[in-house]
Amino acid sequence: MEPAEQLNELVSAEGRNRKAVLCQRCGSRVLQPGTALFSRRQLFLPSMRKKPSLAEGSNPEGDLLQEHWLVDDMFIFENVGFTKDVGNIKFLVCADCEIGPIGWHCLDDKNSFYVALERVSHE
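Owing to the predicted nature of the structure, the values given are computational and were not obtained by experimental measurement.

A. Highlighting the pattern of salt bridges. The final tally for this structure, using the stated rule, is five salt bridges. Across the salt bridge formed by Glu 123 and Arg 29, the nearest N and O atoms sit 3.8 Å from each other. With Glu 123 in the segment after β9 (120-122) and Arg 29 in strand β2 (residues 29-31), this residue pair connects regions lying 94 residues apart in the sequence. Classification of Glu 123 as exposed rests on a relative accessible area of 58%. One salt bridge in this structure joins Glu 67 and Arg 40, with 2.8 Å as the shortest N-O distance. One end of the pair, Glu 67, is in strand β4 (residues 62-71); the other, Arg 40, is in strand β3 (residues 37-46), and 27 residues separate them in sequence. For Glu 67, a relative accessible area of 6% corresponds to the buried category.

B. View of the state of the cysteines. Per the counting criterion, the structure on display carries zero disulfides. Cysteine Cys 97 remains unbridged, with the sulfur of Cys 23 as its closest cysteine sulfur at 3.6 Å. Judged by relative accessible area, Cys 97 falls into the partly exposed class, the value being 21%.

C. Fine view of the side chain of Ser 112. Positionally, Ser 112 belongs in the loop between β7 (103-106) and β8 (113-116). Among all residues touching Ser 112, those that are not within four sequence positions of it are Leu 70, Val 71, Trp 104, His 105 and Cys 106.

Conventions used here
Residues numbered from 1 in each chain as written. Predicted model: local features only at pLDDT ≥ 70, side-chain atom pairs only at ≥ 80, totals over all residues. Heavy atoms only, no water. Salt bridge = Lys/Arg side-chain N within 4 Å of Asp/Glu carboxyl O. Helix = DSSP H or I, 4+ residues; strand = E, 2+ residues; numbered from the N terminus. Buried < 20%, exposed > 50% of the residue type's maximum accessible area, 1.4 Å probe, protein only. Disulfide = S-S within 2.5 Å. Contact = heavy atoms within 4.5 Å.

Next up, the structure:
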C-alpha cells in the first residue's frame, strides 16, 4: 500500500499514471506515463518468490493487493507477458526477465488488465 503522498506523486488529477511503470527486477518498461488508470480492487496474486502449486489445487502463497494500474487494451503495454491459463485467469509477468506475477487478467473480461502497484517500480 502506498502512503497518500506517494500515491499523489504517482496518480494524476485525471487518475492516470504520472510516471512510467517498470519491472522491479530488470527495469524494463511495462507502461508509458499516462496510459493506465488507478484502480482499487482486491485481487489475489501468488507470491513472486515461491512457485505456487496451482496445478495441485492447493492454496498458493501470495498477497491480496488493492492498488492497481488498470489498462483496457493489451496493446498499450510496452513489455508484458502472460502465463498459461489458471482457471479463467492469466497472470501478467515481465516479458524480459519473466518475474511475476506483476498483474492479473480475467479471461471473462477482455478489456481489463491489472498491474499491482506493489509489484512494479515507477520512474
